[in-house]
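Single-letter residue listing:
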Amino acid sequence: MTAIRDYVEQNKERYLRSLIDFVKIQSVSADPKRANEVRRAGQWTADILKNIGFENVGLKETGGHPAVYGEWLKAGTDKPTILCYGHTDVQPEDPMEKWTTPPFDPVVKNGNLYGRGADDNKGQCLTQLFGLEALMKLDGKLPVNVKVFLEGEEEGGTGATEKFVFDNAKLLACDAVAISDTAWHSAEMPTIVTSLRGMAYLEVIVRGPSRDLHSGVYGGKVQNPLNAMGKIIAKIQDENGVVQIPGFYDDVVPLSDKEKAEFRAVGDEDEWLKKDLGVKALWGEKGYTTLERNWGRPSCDVHGIWGGYAGKGTKTVIAAEGGFKISSRIVANQDPEKIAKLYEEYLKKICPPGVTLEIKVLHLAYPMMVPIDSPFLEAAATAFEKGFGKRARMVREGASIPITAAFLRALKAPSIMVGYGLNSDNIHSPDECFPLDHLYNGIVTNYHLYHEFARVKK
Ligand code: BES
Ligand code: MN
């Protein structure tokens, strides 16, 4: 028990240096110009796996960004096989000017490492890799068979890695998946995530006149594409937070009274949340609590709007076109393809006269729910207790890790999500950070995690 603590204590500086090197790689999967950086991040983790003693380590071409694979399968056929998953890509750093320190030149401050990907997912990914390394160093072997599979396009996917999972189900076959890519419910409440939402993400371009126009000469003569865009967006969700797209809620599994009671038991964080986010009121679909909305109901959010003049001062113009990005997080049993189709049909129907729409579906992801009776979940709770001295609670999550649905469907394997992030880590935002004590205790926890997995009967 203390051997692992001592070992981690002695290696803290090396872990931190590694995380700094990892964050320096600009593996932004959404940016085609940096595709080579994504590849470099994959190679960087492959080198770690080779050093630990993994076999058949290498990059796997997927058609999109490459994935990393490596295996250590000498624990015996009576032991479970665990697929360790993480992602080496990161979200874009934009908006650059809001960062206090440079996104790809990480800095240690107040016990955190600051930089893009410090939490999501580079720091958390290293809790897994260094957990496995500690097992090899201290025990000379792993207690279970382990396949490591790291994705290079979780944050901005083409779907190619998910297809790779279906096409290579034999290679990736396993009893459970171990993932450190989630956040605790609060700094005091470690959590194991048992359900993730899916997503349908679209881009809509609104086109009007063939060129930009003088708003005095032409105002009142044509439909302004930006006015039209406002009308369109206003018709998607009503003032009670109910999405107006016909059929949108048809497949949603209603929350049972038991589930609602479980959510309530996690505690009401509304007052704290309002303060933390600097808002006077929380808002969402009427008739549901904050957690019910976030964990068990679909959402609708506009992510970006562009078009026309947004510079200093005034410019009297009617822009020829504008556009917006919008997505819905979806829940069981909604199908992302069907939801995207419903969006398209509805948007075309409500499109005002005088403008046309071009609709692109940018990203689809299935929702996912872990079978709650999986013995691997209980093993994870024990590992948390050993690593952090606290009992972890089973909770759901409003965010998505799209590939977990593929693991469940293609490999029949539940994803056991032991994450070490905090909601204050600013993931996807400027000043992303990861607490260093979570890096170190995460490594300790994952060391125990694989030992606990070894006790699960095959
Ligand atoms: N690690 C996150 C998901 C997450 C965040 C889980 C916080 C729990 C708490 C993951 O990398 C992520 O951001 N996923 C994207 C997927 C999307 C691009 C399809 C997300 O949820 O926005
Ligand atoms: Mn992310």
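Below, the structure is looked at part by part. (Residues numbered from 1 in each chain as written. Chains lettered and ligands numbered in written order. Predicted model: local features only at pLDDT ≥ 70, side-chain atom pairs only at ≥ 80, totals over all residues. Heavy atoms only, no water.)

Describing the pattern of salt bridges
For step 1, the next point in the chain: If you walk through the whole model with that rule in mind, you get 24 salt bridges.
For step 2, the next point in the chain: As a salt-bridge pair, Arg39 and Glu61 come within 3.0 Å of each other at their nearest N and O atoms. Residue Arg39 is located in helix H2 (residues 35-52), and its partner Glu61 is located in the loop between strand S1 (55-60) and strand S2 (67-72); the two are separated by 22 residues in the primary sequence.
For step 3, the next point in the chain: Across the pair Glu452 and Arg455 runs a salt bridge, and its minimum N-O distance is 3.3 Å. With a gap of 3 residues between them, Glu452 and Arg455 both fall in helix H14 (residues 436-455), about one helical turn apart.
For step 4, the next point in the chain: A cluster of three or more residues bridged by salt bridges with shared partners is formed by Asp31, Arg34 and Glu93. (Salt bridge = Lys/Arg side-chain N within 4 Å of Asp/Glu carboxyl O. Helix = DSSP H or I, 4+ residues; strand = E, 2+ residues; numbered from the N terminus.)

Some remarks on the pairing of strand S9 (residues 198-207)
On a regular strand, each side chain points to the face opposite its neighbour's, so the side chains alternate between the two faces of the sheet.
For step 1, the next point in the chain: The buried fraction of S9 is high, at 9 of 10 residues.
For step 2, the next point in the chain: Two strands pair when backbone bridges link them, and S9 and strand S13 (residues 321-330) are joined in this way by 10 bridges, in the antiparallel orientation. When the bridges of S13 are listed, Gly198 appears paired with Ile330.
For step 3, the next point in the chain: Of the pairings in the sheet, the one linking S9 to strand S14 (residues 356-365) comprises 9 bridges and is antiparallel in character. By the bridge assignment for S14, Ala200 is matched with Leu364. (Buried < 20%, exposed > 50% of the residue type's maximum accessible area, 1.4 Å probe, protein only. Pairing = 2+ DSSP bridges.)

Structural notes on the sheet that holds strand S18 (residues 433-435)
For step 1, the next point in the chain: Ordered by their spatial adjacency, 3 strands build an open sheet running S4-S5-S18, and the pairing between neighbours is antiparallel. The sheet is open, and its two edges are formed by strand S4 (107-109) and S18, each paired on a single side. Between one strand axis and the next, the sheet turns through 25° on average, direction left out of account.
For step 2, the next point in the chain: Pairing of S4 with strand S5 (residues 112-114), which is carried by 3 bridges, proceeds in the antiparallel orientation. Looking across to S5, one finds that Val108 is bridged to Leu113.
For step 3, the next point in the chain: Along the sheet face, helix H3 (residues 118-139) touches S5 and S18 and points at about 40° away from the line of S18.
For step 4, the next point in the chain: Together, S4, S5 and S18 form the strand contacts of H14, whose direction differs from that of S18 by roughly 60°. (Axes fitted to C-alpha atoms, helices over the stretch in contact; angles between N-to-C directions. Contact = heavy atoms within 4.5 Å.)

The quantities given are spatial measurements derived from coordinates; they are silent on function.
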